[in-house]
Amino acid sequence: MKTEELRRTTCCVIGCGPAGAMLGLMLAREGVDVLVLEKHADFLRDFRGDTIHPSTMEIMDELGLAEGLLDLEHMKAPRLEARLPGGTVTVADLRRLKTRYPYITFMPQWDFLDYVTREAKRYPNFRLEMNAEARVLILEDGVVRGVRYETPEGSREARALLTVAADGRSSPFREQAGLKLVRTSPPIDVLWFRLSRRDGDPKDTFGYAGGGRFMVVINRGEHWQIAYVIKKGEYQSVHDAGLSAFRRSVGDTIPDLADRTGELQDWEAVKLLSVQADRLRRWHRPGLLCIGDAAHAMSPVGGVGINLAIADAVAAANALAGPLEAGRVRWRDLAAVQLRRELPTRAIQAFQSVAQRRVVSSALGPDGAPSIPAPARALLSLRPLRDLPARIIAFGIWPEHVKRREPLARKESVK
Ligand SMILES: Cc1cc2nc3c(=O)[nH]c(=O)nc-3n(C[C@H](O)[C@H](O)[C@H](O)COP(=O)(O)OP(=O)(O)OC[C@H]3O[C@@H](n4cnc5c(N)ncnc54)[C@H](O)[C@@H]3O)c2cc1C
C-alpha cells in the first residue's frame, strides 16, 4: 500500500459520536497519538441524543472545558415533570443534588461534537478524518491491527496498536470480531418530530400522558422536540390511521400545542426510532475495544445514552492511556474497561426496562394511566430516597472522573 493510503497511529477510533470524540480528545490530551475516523462529512444529524447530564458536565469541568461548552447556545432543565390527567408530577428535581451543574443541559449533539473536536485539534497528536468510512478490521494472527476504510479519494488502511469501535448501535465490527450480543426486547418505539414554540408557551421539558398516549416534549429554543412513544411494532397502524388522526392524538395529549399540529404536513416530518437495547457479552478482543452504543445500545428512557457513552470513553482513556503510551495493551487492560463499565450499564438497562414496562407501557394501555407501583411510591416519598431518580438520571450508577494526569501543552485555539 502506498504511504498516502496508509495511516499509522497508536489508537484508531472508529466513529466520532460522543464516545469516539471524547476518547480521541482525552487520549490526545494525555499524549497518545490518535486517529478518529468519521464516515459523515459533518456532525449535522437530526433527532440525536442532545441531553448532557451533570455527570458529563463534571467531566467537562475536570477537562477545563465546561465553561466553553456553556458559552454555546443551550437550554437548562433543572426539573423533569410529567403532566398526567390527574395533575403534574415531578419525576426528578436536580436542584437538590450536590453538583455545580444541577440541571440537564440541552444542546444539539452536533454543537457538542464540533466543540469537543475543536478542542481535541489543539493537540498535535489528534487527527480526525471526516468522510472516512471504516469497513473491515485488519486481523492478523487473531489480533486486530487496524481497519480498512473508504474515503472520497479511495481506500485507505489505518494500522494501530489499538482499534476502538465507537461507531454506534449498528457496529458491524462486533460481528467481524466474533463478539456476541445479548439482546433485550424493549416494548416501545419512538416517533420524533418538532413543532414550533411560541410566546407564552411553557418553558420546561415535560412528559405528557393520557388517553393511552405518552409523549415527551423538549424545549429546544425555537421549537419543541417531541418524542411520541408507541408500542413496539405499532408504527404501521399509526401510519395507516392517517396523519389527521396522528395530529389529533398529539393535540389531545398536549393541549398546549393543539393549535399547531397542522405544521406536520407529511410523514417525512416524523422519524421512527426503533428502540433497541442490547449489550456485548465481551467488549474486547486482542487489539480491539468496543465502547458506547457499539458495546451497549440504550433505550431512550431517561436520556442517558450520550452520558454513558462518554463515561465509557473516560474509563477507557483512564485505563488505556498509560498502556498505549508504553506501547503494550494487554488483555487485562481491555478487560478493566469492561469490568468498570459493565455493571453500571446493566443496572441502568434494568432500571430502563422497569420504567418501560411499568410506567411507559401502562400509559399506552387502554386506561392510559401510567402507574408507579405503590411500594415504590411509598419508598420514593421518604426523604433519603426522594432524590434517587434525580441522582440516577444525573450521575448514573458509577460516575467516571478524569484521572488527574498532566495534560500535553495545546495550541491556543484552532479554527
Ligand atoms: C433519535 C434518537 C434520540 C436519542 N435521544 C437521546 C437523548 O435524548 N439523550 C441521550 O443521552 N441519548 C439519546 N439517544 C442515544 C444517543 O444518541 C446515543 O446513546 C449516543 O449518541 C451514543 O454515542 P456513541 O458515540 O456510542 O454512538 P453514536 O452517537 O451512534 O456515534 C457513532 C458515530 O460513528 C459514526 N460511524 C458509524 N459507522 C461508522 C463507520 N463505519 N466508519 C466511521 N464512522 C462511523 C457515525 O456517523 C456516528 O457519528 C438517542 C438516539 C437516537 C437515535
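Preceding block: the structure.
Residues numbered from 1 in each chain as written. Predicted model: local features only at pLDDT ≥ 70, side-chain atom pairs only at ≥ 80, totals over all residues. Heavy atoms only, no water.

Trainee: Just to check I follow, could you spell out the overall build of the chain for this structure?
Mentor: Along the chain, the regular secondary structure elements total 12 helices and 20 strands. The buried share of the chain, reckoned over its 415 residues, is 53%. For the chain, contacts bridging at least 24 residues in sequence account for 73% of all contacts bridging at least 6. Carbon together with sulfur atoms contributes 52% to the accessible area of the chain, which is approximately 18700 Å² in total. (Helix = DSSP H or I, 4+ residues; strand = E, 2+ residues; numbered from the N terminus. Buried < 20%, exposed > 50% of the residue type's maximum accessible area, 1.4 Å probe, protein only. Contact = heavy atoms within 4.5 Å. Areas by Shrake-Rupley, 256 points an atom, 1.4 Å probe, with all protein chains shown as cover.)

Trainee: Even after reading the chapter, I still don't get the nonpolar core, so can you show me in this structure?
Mentor: Most often, soluble globular proteins have nonpolar side chains that are buried together. Counting 75 residues, the largest nonpolar core has M22, L23, M60, F112, V147 and L289 as its most contacted members. It is helix α8 (residues 305–326) that provides the largest number of residues to this core, a total of 10 residues. Ignoring sequence-local partners within four residues, the contact set of M22 consists of I59, M60, L63, F112, V116, I310 and A313. Ranked by size, the runner-up nonpolar core spans 24 residues in total, among them I188, V229, A363 and A394. (Core = buried A, V, L, I, M, F, W, Y, C linked by side-chain atoms within 4.5 Å.)

Trainee: When you look at the layout of surface pockets in this model, what are you seeing that I'm missing?
Mentor: Here the idea is plain: a probe the size of a water molecule rolls over the atoms and shows the empty space left. In this structure, the second largest pocket encloses a volume near 300 Å³. If you trace the second largest pocket, you find 19 residues lining it, with E73, P108, R220, E222 and H223 closest to the centre. At the level of elements, α4 (109–120) and β16 (223–231) are the ones that each hand at least two residues to the lining of the second largest pocket. Its residues assigned to classes, the lining of the second largest pocket comprises six nonpolar, four polar and nine charged. (1 Å grid on protein atoms, 1.4 Å probe; cavity = no way out; pocket = protein on both sides within 12 Å on 5 of 7 lines; lining within 4 Å. Points joined across faces, edges and corners; volume = space filled by probe spheres on them. Nonpolar A, V, L, I, M, F, W, Y, C, P; charged D, E, K, R; others polar.)

Trainee: Where do I start with α8 in this structure?
Mentor: In an α-helix there are 3.6 residues to a turn, and that puts residues three or four apart on one side. Here α8 is 22 residues long and its end C-alpha atoms lie 32 Å apart, about the 32 Å a rise of 1.5 Å per residue gives. Judged by how many residues are buried, α8 sits mostly within the fold: 17 of 22 residues are covered. Trailing α8 by a residue or two, G327 shows a phi angle of about 85°, which is positive. (Expected span 1.5 Å × (residues − 1).)

Trainee: Would you mind going over the packing of helix α2 (residues 54–62) against α8 with me for this structure?
Mentor: Relative placement of two packed helices is described by the angle separating their axes and the distance separating the axes. The contact between α2 and α8 brings their axes to 9 Å, and the two run at 35°. Between α2 and α8 lies a crossing of left-handed hand. Of the residues in α8, those touching α2 at S55, T56 and I59 are N307, I310 and V314. Here the contact of α2 with α8 is built from residues that sort into three nonpolar, three polar and no charged. (Axes fitted to C-alpha atoms, helices over the stretch in contact; angles between N-to-C directions. Left-handed = near helix turned anticlockwise from the far one by under 90°.)

Trainee: Even after reading the chapter, I still don't get the side chain of Q225, so can you show me in this structure?
Mentor: Tracing the sequence through the fold places Q225 in strand β16. Classification of Q225 by relative accessible area gives buried; the value is 4%. Within polar-contact distance, the side chain of Q225 engages the side chain of R220 at 2.9 Å. (Polar contact = N/O pair within 3.5 Å; in protein donor to acceptor, adjacent residues only side chain to side chain.)

Trainee: Just to check I follow, could you spell out empty space enclosed by the protein for this structure?
Mentor: Per the stated rule, a full pass over the model turns up three cavities of 30 Å³ or more. Roughly 150 Å³ of volume is contained in the largest cavity. Lining the largest cavity are 19 residues, with S55, N307, L308, F395 and G396 positioned closest to its centre. Every element with two or more residues in the lining of the largest cavity is listed here: α2, α8, α9 (331–363) and α12 (388–395). Residue composition of the lining of the largest cavity, by class: 12 nonpolar, five polar and two charged. Of the volumes computed, that of the second largest cavity is approximately 40 Å³. Together, V301, G302, V304, I348, F351, Q352, I392 and I393 line the second largest cavity. Mapped by element, the contributors of at least two residues to the lining of the second largest cavity are α9 and α12. With three residues, the top contributor of residues to the lining of the second largest cavity is α9.

Trainee: I would appreciate a short explanation of the pairing of strand β15 (residues 213–220) in the present structure.
Mentor: Look at any regular strand and the pattern is simple: side chains alternate between the two faces of the sheet. Most of β15 is tucked away: seven of the eight residues are buried. In this sheet, β15 lies alongside strand β14 (residues 206–210) in antiparallel orientation, the contact comprising five bridges. Within the sheet, the bridge partner assigned to F206 lies in β15 and is V217. Sheet topology note: the β15/β16 ladder contains seven bridges and is antiparallel. (Pairing = 2+ DSSP bridges.)

Trainee: In this structure, what is going on with the sheet that holds strand β3 (residues 51–52)? I would like to understand it.
Mentor: Note on sheets: strands pair through backbone hydrogen bonds, and any given pair is parallel or antiparallel. Strand order in the open sheet formed by three strands is β3-β7-β4, with antiparallel pairing between adjacent strands. A strand with exactly one partner marks an edge of an open sheet, and here the two such strands are β3 and β4 (75–77). Taken together, the two bridges between β3 and strand β7 (residues 104–106) define a ladder with antiparallel strand orientation. Among the inter-strand pairings, I52 is bridged to a residue of β7, identified as T105.

Trainee: I keep staring at the environment of T99 and nothing clicks. Help me out?
Mentor: Structurally, T99 is set in the loop between β6 (87–93) and β7. Taking the C-alpha atoms as reference points, T99 and S55, 44 residues apart in sequence, are found 9.1 Å from one another. Every residue in contact with T99, bar those within four places of it in the chain, is listed here: P54, E58 and F395. Engagement of the side chain of T99 in a polar contact is seen with the side chain of E58, the distance being 2.7 Å.

Trainee: Teacher, can you tell me more about helix α1 (residues 18–29) here?
Mentor: Over its 12 residues, α1 runs 16 Å from end to end, which matches the ideal 16 Å to within 8%, given 1.5 Å per residue. Within α1, 12 of the 12 residues are buried, which leaves it mostly tucked inside the rest of the structure. Three or more residues of α1 are buried, namely P18, A19, G20, A21, M22, L23, G24, L25, M26, L27, A28 and R29. G31, located one to two residues past α1, shows a positive phi value of around 95°.

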